[in-house]
Amino acid sequence: MVTPNLNADGFTGNILIEPNRPISWRENLNFIRVFTLLSTLVSALFLYKGLYLVLPFSGLEVISLSIALYLVYKRYSVCQIIYFTRDSVIIESGTDHASERIEYQRFWSRFYIDHKGHQNIPILQIRSRQHATEIGDFLSYADKLLLIQLIKDLTLHFQRSNTQLKQ
């Protein structure tokens, strides 16, 4: 999901980039509760029949499902924020807070698009000298195209404003 928050000048502001989450954590917990209830009922039925070995495997099944849902949710909790100022492009990324912050000088950095990405999703990078950072590697095809178009518009407005200042 791409959420732009641009200023009136057309080349400063920020863009929030998040993956599309299929389900919230609260809904995951509700699913785990229902699954645990059903698993407990089935294991109680087998326990009543005298099959005691089913009970630990039922608990192991609930634990492994909970861990898998947690790991998938954590994977889809990452986000990036790209700040465009007059002098720099700042990329912050993390899950709950900005754990990584990379700053590029706006005049010396360039955006590159490689159309040979995984499943034909373009790869968007910002590069400056020997440093390169991939932007929005978790986005879907449509969201990545929207992000690319937004960045193209921002850089075009930035270039126009700099040529007007020089004249």
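Residues numbered from 1 in each chain as written. Predicted model: local features only at pLDDT ≥ 70, side-chain atom pairs only at ≥ 80, totals over all residues. Heavy atoms only, no water.

Visitor: Which residues make up the overall build of the protein chain, and what are the values?
Guide: Across its full length, the protein chain holds three helices and eight strands. Since a compact globule built from 167 residues should have a radius of gyration of about 15 Å, the 23 Å found for the protein chain marks it as more spread out than a globular shape. Each of the three principal axes of the protein chain carries a C-alpha extent, and together these read 90 × 30 × 25 Å. Burial analysis of the protein chain (167 residues in total) assigns 32% to the buried set. Once local pairs closer than 6 in sequence are excluded, the contacts in the protein chain between residues at least 24 apart make up 47%. (Helix = DSSP H or I, 4+ residues; strand = E, 2+ residues; numbered from the N terminus. Rg over C-alpha atoms; globule rule 2.2 N^0.38 Å. Buried < 20%, exposed > 50% of the residue type's maximum accessible area, 1.4 Å probe, protein only. Contact = heavy atoms within 4.5 Å.)

Visitor: Which residues make up unusual backbone geometry, and what values do they have?
Guide: We note that arginine 129 has phi near 55°; this positive angle belongs to a residue other than glycine. Considering the arrangement of structural elements, one finds arginine 129 in the loop between strand E7 (123-128) and strand E8 (131-135).

Visitor: Please set out the packing of helix H1 (residues 25-48) against helix H2 (residues 54-75) residue by residue, giving values where relevant.
Guide: For the pair H1 and H2, the least separation of the axes is 9 Å and the interaxial angle reads 170°. Classified by the interaxial angle, the pair formed by H1 and H2 is roughly antiparallel. On the side of H1, the interface is formed by Trp25, Asn28, Phe31, Ile32, Phe35, Thr36, Ser39, Ser43 and Phe46, while H2 contributes Val54, Leu55, Ser58, Glu61, Val62, Leu65, Ser66, Leu69, Tyr70 and Tyr73. Here the contact of H1 with H2 is built from residues that sort into 12 nonpolar, six polar and one charged. (Axes fitted to C-alpha atoms, helices over the stretch in contact; angles between N-to-C directions. Parallel < 35°, antiparallel > 145°, perpendicular 65-115°, else oblique. Nonpolar A, V, L, I, M, F, W, Y, C, P; charged D, E, K, R; others polar.)

Visitor: Talk me through a nonpolar patch on the surface; I want residue IDs and the actual numbers.
Guide: Where nonpolar side chains cluster on the molecular surface, the patch consists of Val34, Leu37, Leu38 and Leu41 and spans about 400 Å² of accessible area. Mapped onto the fold, leucine 38 is located in helix H1. (Patch = residues over 30% accessible without salt bridge, like charges linked within 9 Å, V, L, I, M, F, W, Y side chains within 5 Å. Areas by Shrake-Rupley, 256 points an atom, 1.4 Å probe, with all protein chains shown as cover. Salt bridge = Lys/Arg side-chain N within 4 Å of Asp/Glu carboxyl O.)

Visitor: Describe the pattern of salt bridges, and please don't skip the residues or the numbers.
Guide: Going through the model one piece at a time under the given rule, you end up with three salt bridges. Notably, a salt bridge pairs glutamate 92 with arginine 101, separated by 3.3 Å at the nearest N-O pair. Under the relative-accessibility criterion, glutamate 92 is labelled buried at 19%. The salt bridge involving arginine 101 is made with glutamate 103; its shortest N-O contact spans 3.5 Å.

Visitor: Describe the sheet that holds strand E6 (residues 110-114), naming the residues involved and giving the relevant values.
Guide: Spatially, three strands are ordered E6-E7-E8 in an open sheet, and the strand pairing comes out antiparallel. The open sheet has two free edges, formed respectively by E6 and E8, since each of these has just one partner strand. Sheet twist, expressed as the mean angle between neighbouring strand axes with direction ignored, is 30°. The pairing of E7 with E8 spans five bridges and is antiparallel. Across the sheet, arginine 127 pairs through a bridge with alanine 132, a residue of E8. (Pairing = 2+ DSSP bridges.)

Visitor: Could you give an account of the environment of isoleucine 90, with specific residues and numbers?
Guide: In this fold, isoleucine 90 is placed in strand E4 (residues 88-94). Measuring from C-alpha to C-alpha, the distance between isoleucine 90 and glutamate 27 comes to 34 Å, with 63 residues separating the pair along the chain. Setting aside chain neighbours within four positions, we find isoleucine 90 in contact with Ile81, Ile82, Tyr83, Arg101, Ile102 and Glu103.

Visitor: Residues and numbers for the packing of aromatic side chains, please.
Guide: Summed over the entire model, instances satisfying the criterion amount to five aromatic pairs. With a centroid separation of 6.3 Å and 25° between ring planes, the pair formed by phenylalanine 31 and phenylalanine 35 is classed as stacked. Of this pair, phenylalanine 31 and phenylalanine 35 both sit in helix H1, separated by four residues, roughly a single helical turn. Each member of the aromatic cluster is reached from another via a ring pair, and the members are Trp25, Tyr70 and Tyr73. One residue, arginine 106, lies across the ring of phenylalanine 158, its end atom 4.1 Å from the ring centre. Looking at arginine 127, its charged tip hangs above the ring of tyrosine 112, at a distance of 4.4 Å from the centre. (Phe/Tyr/Trp six-rings, centres within 6.5 Å; stacked < 30°, edge-to-face > 60°. Lys NZ or Arg CZ within 6 Å of the ring centre and 35° of its normal.)

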